[in-house]
Each structure stands twice: as structure tokens, then as C-alpha cells.
There are 4 protein chains.
Amino acid sequence: MLYFSTDYMRGAHPEVMAALMDTNMVATPGYGEDDYCRRAERKILEECGIRDGKVYFLEGGTQTNMLVITRLLDYCDGVIAADTGHINVHESGAIEAAGHKVISLPSEDGKIKATDINRCLSDYYGDDTYPHIVKPGMVYITFPTEMGTLYTLGELEDISETCRKWDITLYIDGARLAYGLAAEGNDVTLKDLARLCDAFYIGGTKCGALFGEAVVTRRPELFKGFFSLCKQRGAVLSKGRLLGIQFETLFNGNLYGRIGQHAIETAMLLKDGFRSKGYRMLIDSPTNQQFFILPNEIIERLQENVAFELWGPMRENETPVRFVTDWSTRREDIIELMLLI
Amino acid sequence: MLYFSTDYMRGAHPEVMAALMDTNMVATPGYGEDDYCRRAERKILEECGIRDGKVYFLEGGTQTNMLVITRLLDYCDGVIAADTGHINVHESGAIEAAGHKVISLPSEDGKIKATDINRCLSDYYGDDTYPHIVKPGMVYITFPTEMGTLYTLGELEDISETCRKWDITLYIDGARLAYGLAAEGNDVTLKDLARLCDAFYIGGTKCGALFGEAVVTRRPELFKGFFSLCKQRGAVLSKGRLLGIQFETLFNGNLYGRIGQHAIETAMLLKDGFRSKGYRMLIDSPTNQQFFILPNEIIERLQENVAFELWGPMRENETPVRFVTDWSTRREDIIELMLLI
Amino acid sequence: MLYFSTDYMRGAHPEVMAALMDTNMVATPGYGEDDYCRRAERKILEECGIRDGKVYFLEGGTQTNMLVITRLLDYCDGVIAADTGHINVHESGAIEAAGHKVISLPSEDGKIKATDINRCLSDYYGDDTYPHIVKPGMVYITFPTEMGTLYTLGELEDISETCRKWDITLYIDGARLAYGLAAEGNDVTLKDLARLCDAFYIGGTKCGALFGEAVVTRRPELFKGFFSLCKQRGAVLSKGRLLGIQFETLFNGNLYGRIGQHAIETAMLLKDGFRSKGYRMLIDSPTNQQFFILPNEIIERLQENVAFELWGPMRENETPVRFVTDWSTRREDIIELMLLI
Amino acid sequence: MLYFSTDYMRGAHPEVMAALMDTNMVATPGYGEDDYCRRAERKILEECGIRDGKVYFLEGGTQTNMLVITRLLDYCDGVIAADTGHINVHESGAIEAAGHKVISLPSEDGKIKATDINRCLSDYYGDDTYPHIVKPGMVYITFPTEMGTLYTLGELEDISETCRKWDITLYIDGARLAYGLAAEGNDVTLKDLARLCDAFYIGGTKCGALFGEAVVTRRPELFKGFFSLCKQRGAVLSKGRLLGIQFETLFNGNLYGRIGQHAIETAMLLKDGFRSKGYRMLIDSPTNQQFFILPNEIIERLQENVAFELWGPMRENETPVRFVTDWSTRREDIIELMLLI
């Protein structure tokens, strides 16, 4: 069987596993009060070009989104997101369960535009009855998006400027950040993200860690009492060091960069393969998620030997599908896949 | 000044006020444990043709929606509503603050269709990854809608049947119910509502009471512990009798029906007046809210002597506006208004 | 039947009812944006000696407590209260439903002491593992207490100073405030309350209004977005003016003071009566709630003609009971009661 | 340095780490839909003597408590716990943040008694005003307790019977379960726990896993929609298999039992050592937490070479302290410690 279903099908990058093994018998304080976490934080802030910021380590994406959004929004505020955004679709209503409306903007390619954000806020502040309407208090975007696409630096700068103009926060979900940073044509760096938004997270779970996300902020004053909030919502690991060890490893010797590059290389190989066979892309993704529209008979044949995802329900003749690569994808698997299509 | 801004600008219908005066010095137990509430409940159930149901008296619409939806939905379920629905737009995110996603369906006229509800549920149950998506657990509709429109009996029956087919509840917000029941061409009765949905509320605040809404259900088993929930969310009046006294009065001698008829008569007078002057309706409403598109110069002139609402921001030449009648609207006021346009 | 069960058995003081009648047909904007509310606010701030404060009108005590505490506490903070405090016992868990722990301090007479508050905070800040423990973020006290007792000015000053020392807020629940201010021996004024706490509420429901409480604060910066929060939790009346009209009336011509005096006079009459018959007080209350320990045979005999409350379950020979007076208590009723004991 | 501070200072038991390494490159579906989880569930149910039950894997104790209590309690219900109980003290108010009051019963030794539970419920149901009081809907106990003590089988049976009599659920927090099951004199088995309560959890984090807790129930009907709830609250690992792999390993070849025995042996060695030196126990604990009252000078001397916890603030002459053993404690460390005291 060949596996391209998603980017969390295997454990962790071997270097991460080795680090967990090597440190297994070391005794440390709990709850992230250990040196691994401290070093990982320092290293990440350095990579992000942040002097007086903070890094918070959490376990998963939904948890991270819920906690950051809860902390940064006031009770009655909502968060603007693409209608395709992860928080709007695939988190079982976590943001609403935390008390906040997701104000969705229509999106074709997973991205939202500064002009749409601007219109949304103009409408809100132009309305006489505004206290009865949910106030947009934050913009949430994903980088890369759920459709595999990327914002350009210019687009991010526009969104950032719009948020500052209206005095709302900008938060970037980087669940697949390694695969965005390494993408061909990407002109956005960690330092750009750190500079343009109020908080973002560096995805570990899908990018080489067993699990874990690192929230980065250059505005720690927004995160007052965040540890207690995380503990209160059941998001603090007793052995917090596990997150520190993993992120320290990911940012040593540029492992995070190498993981991204490997996944992008294999993704591009896969993309070229499908295209050279004449299959249409659903969307032109430069990252580790590749979307094609395949004839149903091909889909059915492939399913015998290949794990991948239908992108929505089966349609009449041909159906969109998704193939995903990650740090663990082998070049041989791509070649074997190519022989099957 | 002539007042057509909304249907909560004055106190209560004089018969309601008289009843509050007459009973003022009577001592009763608190929290709705009094005979007025008991009699009002009995009378309402009778009018609704419900044998073993329950009536719960609450203070306002947002409170009522929040509490009924909280009680009837399980933690992870969302509620389907028109994108124009009150809970989706004008309740400051009350449903989300209670933990639930409002799953909005696009609507032109304030109504949603059984076919759209059906598609929404088919999509949900057809999705492999469904536990990550919010499960639709209820349909919320307004009767009349925020656009002044009404569902026909046939439409309600279709929606009701769809809800039963998918085993989700149907809840009807009757904030302006008196004005829907009394509308020309309306073929829906209290008994129909009671039969077709799991719970609905009879609006008092906008229909002759000082304040108050009466939740009616023929399925009290769905409302287990509802009193405690209401108390816990700060929605129980110590002097619960105030609600009983008002609703008993509204349902004595058909006062609720007379209030509806009066508002509809004045609304139709107003509508005919505008139409005979050649103004376009934004929507053809048979109820107490009337929507027209007026030239901006007329709007500006009217605003000197008449209170009414712009329906959205001012546009270039002409702008939609809303005029509302209620139990307190005087025929003379309509005539005076006609002289101004 | 003679009624002494509680202070919310009848409607409103006749002057309040008259004001509601007189204004019934006046058209005003909704949601408290009317002149009655504005004037009532101004009048109350004046009486409280506050220059740049705010008054928020709400409908009931539990609602008010829940909303003020929600707004003033951060997510992970708890509120210190007497174990007998209303929020700890009789609000169906409203504070916990809003997400906050009630940190209860043992109390004999309904009051808590500055020294106990101080110890609670010393313990908290002295603990290494403090982010796992709920941080006390507010002190909640009732004036009068649920036991009818009153804090002296000196006690309030000590509590206030302790709160400032630890940088936490002080909030006073004045559900029965009229009956505290008017009590013999009371040395606390509205101005003292306003000066010593961050927010308090002037009870209307139990002190002459149909319903309604007025939250007073000299620190409006703590109440950012409070209207939206109230709306979101279903606590905003469409006809907000009803609260303005009532509170304007209560503070015109010192009606609130007269209501308090009347209830205290009748309460003292009742107290003297019981004492002169030789019955023991459970607690020596100077306010409108009077607590005695009566032989069970007396209790059973009285229950035929008099409504009052058992204070806890029946005990073997004698049982504590509560008698309550209010604005509506007639002197004749006290005398009649005295003839029965 | 010798480490006895707590039982989560090191990684995982070597057999658990080996299993994570061995399976690292195997591709599986996400979210616990893998064979490791399935096998671990089957094995655990078998050990618990449950035929038609369910096992849910979560990441940590606070998370698990919050989710189980949320799922099993209705909105207005509270949970009875010892005042020393973890949910009442050390979870940052997680239960209250989930909306529920912790109804605490005083406890000397970390345990609560069936008679106290019974009294609490008698009081509740005997109160006329009960809907204003929080209804006890569950009993929460810890096994072992936070004080290292254990309930006897007889005590558990009494509590279980009391819960059934009042129709409330019983939930047991087994964060340190391995160390309770293996304790000398313990007469409670996994099968007993499974039989006597509605749900309990088998602690992994403190008992040999990197992280993870396994909720066990013989009443899966109480856990309707639990996966979605977990996902919604950010508690679902993408790589759910990590929990399956760990628990499968812990329950293979009785590793969980061996871990317990090792910690108990070293704990008893430590206990005997302290006692033979003449130090007083704070409490006589048969499990892996040992509490002594040490002279402050000894404490200060020890702190140079040994990590352990003060049990509360330093007192005048002598202070209670806690020493903890676990799967990773070496016999040599105990001996070395003995040489220091």
C-alpha cells in the first residue's frame, strides 16, 4: 500500500524520535518549566527575529486555535476566517464552544483578501445597531491554506495593515508551515510572519513531530495568564518537556527546513507526474497537498493500492482528490504511484 | 413626531397594564409558582391544542432563543438558520456564546426551504470525517421572518417532515407571532405550529406585553431541568407572576388576536399608501413590517417628522427603509404619514 | 393569610406602578437608549457622589451577579464569597456556568472578614504551584447579607483596602440595599459604597420595583463592551426604558429611602413582638429579614394563617424560621401576627 | 541530584519507548481509528471484565476529568468531591470553566465517605427551593487519593451503592492507578473499579507512559458523541495511535502491574528508611507518595542534593514534605537518600 492520505499517518521524524530516546531518563520539572522548553523557545524567537516575545507549546491544532482565539478575543467578539478555514469547518465547532462566532468570508482558494476584511469591518462600524451584531475582533488565516495555497508577502502585508487600521488582531495558523516556507515561489519567511501578525503557530504535528505546535508572539502582553488558561482547558502536558525536546530538535540544524524541502520535492514530483499523464489540477498548489480531478474509474483502481482522500463526495464521472506528502514520503513511493496511473 | 421605527417603542397594551395594576397588591409565591402562570399556561396549551405539554415564560427573545437552543442541542451540535435569521445576525453572538455554531443557509426573503435543509443534512451524513464537522441538530425559523414574510402551512409541513426524517428538532421563533397569525393570506394557526415543531415561542414583548415570551412545547421531556437552566443563566424573574398575568391577559378575550389584527390593518393601510404613491416595495410583506425603497430626498425629508429605520446603509439615490406598526399604532398616524410622502 | 415569606411577593410600589402607567404610551428608542434611563443614571450617580461613572440597568440579581462577575474577572480567576453568599448557594451555579470558581470562606453571620480575605490571598501567592490553583480575582459581599446582617463602615473599609492591596476587585450585591441603608445603627451610605468598591448594585426587585437592579461603578473602564455582553447573555430588555422609569421613580423624592424605612419599621415591630413573647433570635438582624427559633408546635399553628419560611429542615423540638417585611408590609399585619404567637 | 519530586519527571518506561520506536514508520489512519487503539481497547476491557464497554484515550488528567464530567453531568448539576480532590484544587478551575460547581466535602485523608455523600444528597432533595441550589449529579473520587491513601473495597461498594440509590454517577480518577492496584493491603482490582463506577480512568502519564489516560466505561450510552466533544475541546490527537501503542504496551505482559510493583517497593523502602530514622509520617500512605514531617534543618540540608516537595508552606520548626517514587526510581537512589537523612 502507498500512503498519501494525509501528513499525520506516521510517527515522528527519526531525529525527533532519537532526541526523545536520548533524553528519556533525564529528570526535569514538569509543565514546561524545563531547559528543553527554554532553549526551544529561545531558538524559535531567534529564528523569528523577535527580541522580547514568547513561545507557548501546545499539543494540537484545534487546541491551539481555540486557546489563542479565546485569549485574544473579548467575550463578544468574533473571528473573521475564510469559509474554508479549518476553524470554520473541521474543528467540531471548537471556536463556538469557546463562545465566539466565526465570521466567514467566501473564498475560492482558501485565502481571504484585505479588501474583503476591510469591507466586513466597514459594514460593522457603519451599522447603527452594532452592539447587537458580533464585532470582528480578529482575522484568522492559514499558511499554507487548507487548499495548499500560499499568501504572498504583499498579500500578508495588506492584511496586516488592514488589521492594524481597524485595531484587531491577526493570527496565522501554521499547521503545515514547514511546507509553506519551503514551497517554490514562496516569498514569506518566519521573520515576516512574526512581524506581520500578533500571533502565529509553527506546526509540529504535521511537520515532523509526534505532536505539538509552537505559538509565537511578539506581543506577550496579549497572552496574560495564558498558562493558566491552557491548564484550565486541559491543554498542559505534565511532561511539557516533550514539546521542548521536539521543537529544539526541529530547529536544530534546520531540520524543520529540511522536512519542508523533502515534502515539497516529493509533492512536486507527484504533481508533475499527474500533469504529465494529463490529469487536471483542482487547484495549482505549490505545497505538500496536491489536488487533482480524476476519472472515477482511475480512482477506484488506485484505491486498491493507494491511500488518498476524496475531496468531497464522489461525482458522476470524475471527482476531486487529494494527495499529501510529508517528511516521511519516499521518492520510490511517488514513482510506484506514477506507474499505477 | 410619528413613530414607525419598531414594535417595542411603547409600554404595554392598556388591558395588560390594567391587569398588572389590578393584581399589584396580591401576594403570591415567586419564580412562576403562582396561579396566574398556571392559568396562563393552561389557556395557552388549550389554544395550541396541546394536551400534555408545557409552557415556560421568559423575558425576551434573545434569552429565549439562547435557552431553548442550549437545552435542545447536544454540546457539539449546531443549529441551521437562514443567514438573515435573528440568531445569526442580531443577538450579539448569543448562540455561539452558549457554545453552538449557527449553520446559516442563504436566504433572499428570510425563509429557508426544506430542500436546502435536506441537502445540508445529506452533506453532513455523507461525509466520512463527520465528527470534525458540526452536526446540525436543530432547525430554527422565524414566523414571521425578519423580512416580514410568512411560511405557508405547506412549507412548514415540509420543513417539519424533513426534521423528523433526520431526527433533529424544529424550533420556531415567534417574536412577532401575533402579526403573522393575523396576516391576510396566512394559513397557519397556533395549533399548526404546536403540531409541526418541537418548541416555539409566542412573542409578548413586540405584541402587547411590557415584556415576555411564552415557550410552548408538546414535548416536555426535551425540557428536563429547564427551570434550573433558566435560573442559572439569570433568566428567572423573582416575580414570575408578571409574565403569567400578562399572558393570561393576552389570551383572554382574544386580545392577542385583536392586537395582531390592529397592527395588520394599519400596516396594510400604510402599504397601500406607499404603493399608491408609486413607491417600490423591497419585499412584499403581509405582516406588520413594511419595506420600501425610497428616494434619498424623501427619506431625508421624512426623517424630520417620522421615526423609521434605514434597512442597511444609505445608497446612492434610493435606499431601503422599514416601517413597523404594532398594537399601539394609530390610524391617524398612518394618514398623517401619507400626507408627508 | 398574612404574608412574610419574602420580599418579592407583591408587584411594585404604587408610585412605581403609577410612573409605568403614566409613561405607557410614550414612544422611545429601545435597549436603554431613552431619556428615562439617562435621567435615572444621572440621578443615581449624583446620589452616589460619582462624577464619571456609569450605571447599567439589569433585570434580576442572579443575572446581574453573573454579568458583573463575568466582565470583571479574567478567565481563570475565581471570586471569594462567604459560604452563605447568594452566588455560592442560591443561583443554580450561575457563576460556575459562567466559568468561575466561587472560593468560599466560612461565615457564621453572612459576613466575611478582611483578615480571612487576606489569608486566602497570602496562601495563593505563597504557593509555588499557583497557576494550577484558581486565582482569587474578586471579593463578593452582600449588603445586607443573606442573614440580615450589615457590615460596618470600618469593616467595609478594611475589606476595600485589602482588595486594593492585592489588586483585586470588590463587588457588592445590594439586592436588599434599601433595607440596609435604612437600618438602625447602619453607618454606611451610598457614597461610601460607591467609593469603597469597584462596582455594586442597587436592588430594585426586592425594594419596590416590579423588577430591576442598577449596577453602579466609578470605574467604567472595567465595563468595556458590557452592553454587548448583556445582550449576548439575553439580559437586555427591548423596552429598556422600563428600568429607567422605575429607577427614576425610586430615586425621586427619596422613595428608595422611604421604602427602606417602612420595611425596617415593620421589621423592628415584628422583632420586638417576638422578643417580648420570649422567642430566641437565631441572629440579631437590624434589617428586613428577621430570624427566630420557634417551637415546632408554634410553627405548625402559625402556618395555618401566616406565610413565612423555615430556615432549613425541621428539627426535633424547635426550628429556625425567617420573617421578611418590605415596602408592602402593613403595620396591621404585624399586629395581627403578634396576636397569633 | 536525587529525584523524588513527583511521578512525571522522566519520559516513558523503556518498553513504551521501544514500542513507539518500533512503530514509528508504520502508516495508520488518524484520530484513534487505528489497530493499536483497537487492540489496546480490547485488552483493557478484557482486564476490566467488561463485555460491551468502551475505552477512550486522552492525553492528560485535567483534560480527562473535564471531558468526562462535562459529558456525564447535565448543565445545572455539580460534582461532589473531597475538598482535597484534584478537580477542586489543582486544575485551575477546569470543572468550573466547563460550567459545573465542585461541591466539596471536608476530608482529612483525601477520601470521602458514603455517609457524607448521602447526607449531601438528603439535604439537597429535602430542600424546598432546590432548583436554585446546584444539584449533585456525580461523585468524583481519586484512587489513590492525593494523600496517597486508598479506599477499601468495602468503602467503594458503599459509595457505589449510595450513588445508585440517588441515581447519580460515580467517576474515579485513576491518575496513579498502577500505584494503587499494587499497594500492599489493597483489596480493589480493575474489575472491581469497572463494576462499581460508571467511568474511571487508568492513568498513563504518571504510570509509565509519555502521556495518556484511558477512560473506561461499561456504560457507553452515557458517552454519546464523546469523540466530537473531545475534538471540540481540543483533546483529540491527530496521531491517536500514540495512545493506542502506549496502552497496548502497558497492558502487555503485565507491564502496568510491574510498574506499580516497582514504585511500591521503592516507596516502602523509602518509608521504612524514614521511619527507622525516627521521622513522623504526616499520613500513613501505602502507595507511591510518602508524606513525612521533617525538621526544617533536615529539609534545608536535603534540598542541596535531593529534589522533593514541601507539602504546604514552611512552618516554624518542622514541615510536611512529600517524596514520590515511580517506574523510574532506582533502589540505589533510595539507599543514597537514606545516607543523607
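What am I meant to see in the sheet that holds strand β10 (residues 289-295) of chain C here?
Within a sheet, adjacent strands bond to each other through the backbone by hydrogen bonds, running parallel or antiparallel. Residue and element names in this part refer to chain C. Taking strand neighbours across the sheet as the criterion, the four strands line up as β9-β10-β13-β12 in an open arrangement whose pairing is antiparallel. Only two strands of the sheet have a single neighbouring strand rather than two, namely β9 (280-283) and β12 (309-310). Bridge count between β10 and strand β13 (residues 318-324): seven bridges; the pairing is antiparallel. Residue pairing across strands places P295 opposite E318, the latter belonging to β13. The strands touched by helix α12 (residues 255-276) within the sheet are β9, β10 and β13, with β10 carrying the most contacts at an inclination of about 20°.

Just checking my understanding: could you explain the pattern of salt bridges for this structure?
Two side chains bearing opposite charge may form a pair once their charged atoms approach each other closely. With the rule as written, the count across this model stands at 80 salt bridges over all chains. Taking the shortest distance from any N to any O, the salt bridge between R176(C) and D7(C) comes out at 2.6 Å. Placement of R176(C) in the loop between β6 (169-174) and α8 (177-181) and of D7(C) in the loop between β1 (2-3) and α1 (14-22) is noted, with a sequence separation of 169 residues between them. For R176(C), a relative accessible area of 10% gives the class buried. Given the relative accessible area of 0%, D7(C) is considered buried. R219(D) serves as the salt-bridge partner of D198(D), at 2.7 Å between the closest nitrogen and oxygen. Of this pair, D198(D) sits in the loop between α9 (190-196) and β7 (199-203) while R219(D) sits in the loop between β8 (213-217) and α10 (226-232), and the two are 21 residues apart along the sequence.

Any chance you could explain the interface of chain B and chain D here in plain terms?
Interface size is commonly expressed as the accessible surface area that is lost when the partners come together. With 18 residues of chain B at the interface, the matching set in chain D holds 18 residues. Contact with chain D buries area across many residues of chain B, yet Y75(B), C76(B) and H132(B) alone supply 41% of it, more than any other trio. In this assembly, chain B and chain D are joined by four salt bridges. The partner of D74(D) in a salt bridge is K224(B), with the nearest N and O atoms 3.7 Å apart.

Help me understand helix α3 (residues 61-72) of chain B in this model?
Residues spaced three or four apart along an α-helix point in a common direction, a consequence of the helix completing one turn every 3.6 residues. Residues and elements named next belong to chain B. Relative to the 16 Å expected for twelve residues at 1.5 Å per residue, α3 spans 16 Å between its end C-alpha atoms, a close match to the ideal helical length. Buried residues dominate α3, accounting for twelve of its twelve residues. Turning to α3, its buried residues are G61, T62, Q63, T64, N65, M66, L67, V68, I69, T70, R71 and L72.

I keep staring at the relation of the copies chain A and chain D and nothing clicks. Help me out?
One copy of the chain maps onto the second through a rotation around an axis plus a translation along that axis. Aligned on chain D, chain A shows an RMSD of 0.0 Å; the corresponding rotation is 180° and the shift along the axis is 0.0 Å. Put plainly, the chains are arranged around a two-fold axis.

In this structure, what is going on with the sheet that holds strand β8 (residues 213-217) of chain C? I would like to understand it.
Residue and element names in this part refer to chain C. Taken in spatial order, the seven strands line up as β2-β8-β7-β6-β5-β3-β4 in an open sheet, and their pairing is mixed. Since the sheet does not close on itself, it has two edges, and those belong to β2 (54-58) and β4 (102-105), each with one partner. Strand-to-strand twist across the sheet, computed as the mean angle between neighbouring axes with direction ignored, equals 25°. Of the strands in this sheet, β5 (135-142) and β6 touch helix α7 (residues 153-166), which is tilted by about 145° from β6.

I tried to follow the interface of chain A and chain D on my own but got confused; where do I start?
Taken together, the contacts link 42 residues of chain A with 42 residues of chain D. Between chain A and chain D, the buried area comes to about 3,800 Å², and carbon and sulfur atoms account for 60% of it. Our count for the chain A to chain D interface comes out at 24 residue pairs in polar contact (both at pLDDT 80 or more). Listed by contribution, the elements that provide at least two residues to the side of chain A that touches chain D are α1 (14-22), α3 (61-72), α5 (94-97), α10 (226-232) and α11 (241-250) of chain A.

Even after reading the chapter, I still don't get the pairing of β7(D), so can you show me in this structure?
Look at any regular strand and the pattern is simple: side chains alternate between the two faces of the sheet. All names here are of chain D. Taken across its five residues, β7 has five buried, putting it largely inside the fold. One ladder, built from four bridges, connects β7 with β8; its direction is antiparallel. Counted as the bridge partner of F200 is V216 from β8.

I tried to follow helix α2 (residues 35-47) of chain D on my own but got confused; where do I start?
Residue and element names in this part refer to chain D. Relative to the 18 Å expected for 13 residues at 1.5 Å per residue, α2 spans 18 Å between its end C-alpha atoms, a close match to the ideal helical length. Buried residues in α2 make contact with β2 (54-58), β7, β8 and α11 (241-250). A distance of 3.0 Å separates the backbone nitrogen of Y36 from a side-chain oxygen at the start of α2, and that oxygen is part of D34. A positive backbone phi angle near 65° is found at G49, which sits one or two residues after α2.

How do you make sense of the domain arrangement of chain A when you look at a structure like this?
Residue and element names in this part refer to chain A. The domain architecture assigned to chain A consists of domain 1 (2-7 + 255-340) and domain 2 (14-250). For domain 1 and domain 2, the distance between their C-alpha centres works out to 27 Å. Counting residues at the interface gives 22 residues for domain 1 and 28 residues for domain 2. Where domain 1 abuts domain 2, roughly 1,900 Å² becomes buried across the two surfaces, and 62% of that area is made up of carbon and sulfur atoms. Among the residues domain 1 hides against domain 2, the three largest losses belong to D7, L255 and Y256. Together they make up 34% of the total. Joining domain 1 to domain 2, the criterion identifies two salt bridges.

What is the right way to look at the packing of helix α6 (residues 114-125) of chain B against helix α7 (residues 153-166) of chain B in this model?
Any two packed helices are characterised by the angle at which their axes cross and by the distance between the axes. Residue and element names in this part refer to chain B. At their nearest, the axes of α6 and α7 sit 9 Å apart, and the two run at 15° to each other. Relative to α7, α6 is oriented roughly parallel. In this structure, α6 crosses over α7, and the sense of that crossing is right-handed. Here α6 contributes A114, I117, N118, L121, S122 and Y125 to the contact with α7, which in turn contributes D158, I159, T162, K165 and W166.

Hey, could you run me through unusual backbone geometry in this one?
Backbone geometry follows two general trends: most residues other than glycine have a negative phi, and most peptide bonds adopt the trans configuration. A cis amide bond links F143(B) to the next residue, P144(B), at an omega of -10°. Here the phi dihedral of Y31(D) falls at roughly 65°; this positive angle occurs in a residue that is not glycine. Within the secondary structure, Y31(D) sits in the loop between α1 (14-22) and α2. Located in the positive-phi region is N254(D), a residue other than glycine, with phi close to 55°. Mapped onto the fold, N254(D) is located in the loop between α11 and α12 (255-276). Residue classification places N254(D) among the partly exposed positions, given a relative accessible area of 47%.

Definitions and limits used
- Residues numbered from 1 in each chain as written.
- Chains lettered and ligands numbered in written order.
- Predicted model: local features only at pLDDT ≥ 70, side-chain atom pairs only at ≥ 80, totals over all residues.
- Heavy atoms only, no water.
- Pairing = 2+ DSSP bridges.
- Helix = DSSP H or I, 4+ residues; strand = E, 2+ residues; numbered from the N terminus.
- Contact = heavy atoms within 4.5 Å.
- Axes fitted to C-alpha atoms, helices over the stretch in contact; angles between N-to-C directions.
- Salt bridge = Lys/Arg side-chain N within 4 Å of Asp/Glu carboxyl O.
- Buried < 20%, exposed > 50% of the residue type's maximum accessible area, 1.4 Å probe, protein only.
- Buried area = accessible area lost by both parts, 1.4 Å probe.
- Expected span 1.5 Å × (residues − 1).
- Least-squares fit on C-alpha atoms with pLDDT ≥ 70 in both.
- Polar contact = N/O pair within 3.5 Å; in protein donor to acceptor, adjacent residues only side chain to side chain.
- Domains from an automatic or database assignment.
- Parallel < 35°, antiparallel > 145°, perpendicular 65-115°, else oblique.
- Left-handed = near helix turned anticlockwise from the far one by under 90°.

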